[in-house]
Amino acid sequence: LASLVMVDAVVVFEEDTPLQLIQELQPDVLVKGGDYTIDTIVGANEVIARGGSVEIISLLPGHSTTLLAQAIIRL
């Protein structure tokens, strides 16, 4: 992800939610998968209140981070 031109940074966090990180970094865009709704996205209110946007990306059947991780482990 970090190598993508449109990505400024990738951050790993250990808290239960990324709320504190979102409040500190103040991202312009927050992206989540299609299994979320705007009401269930932690930090959405904070991003929108600062004029940013929250994007919900449609899921693709047969594609998931779980499947990707399993494929990497098999290598």
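About the criteria used
Residues numbered from 1 in each chain as written. Predicted model: local features only at pLDDT ≥ 70, side-chain atom pairs only at ≥ 80, totals over all residues. Heavy atoms only, no water. Buried < 20%, exposed > 50% of the residue type's maximum accessible area, 1.4 Å probe, protein only. Patch = residues over 30% accessible without salt bridge, like charges linked within 9 Å, V, L, I, M, F, W, Y side chains within 5 Å. Areas by Shrake-Rupley, 256 points an atom, 1.4 Å probe, with all protein chains shown as cover. Salt bridge = Lys/Arg side-chain N within 4 Å of Asp/Glu carboxyl O. Helix = DSSP H or I, 4+ residues; strand = E, 2+ residues; numbered from the N terminus.

Colleague: Summarise unusual backbone geometry; cite the residues concerned and give the values.
Modeller: The backbone of Gln26 shows a phi angle near 50°, a positive value even though the residue is not glycine. What makes Gln26 partly exposed here is its relative accessible area of 44%.

Colleague: Explain a nonpolar patch on the surface to me, and be specific about the residues and the numbers.
Modeller: Taken together, the side chains of Leu1, Leu4, Val5, Met6 and Val10 define a hydrophobic patch exposed on the protein surface, amounting to about 590 Å² of accessible area. Along the polypeptide, Leu4 turns up in the segment before helix 1 (19–25). Residue classification places Leu4 among the partly exposed positions, given a relative accessible area of 40%.

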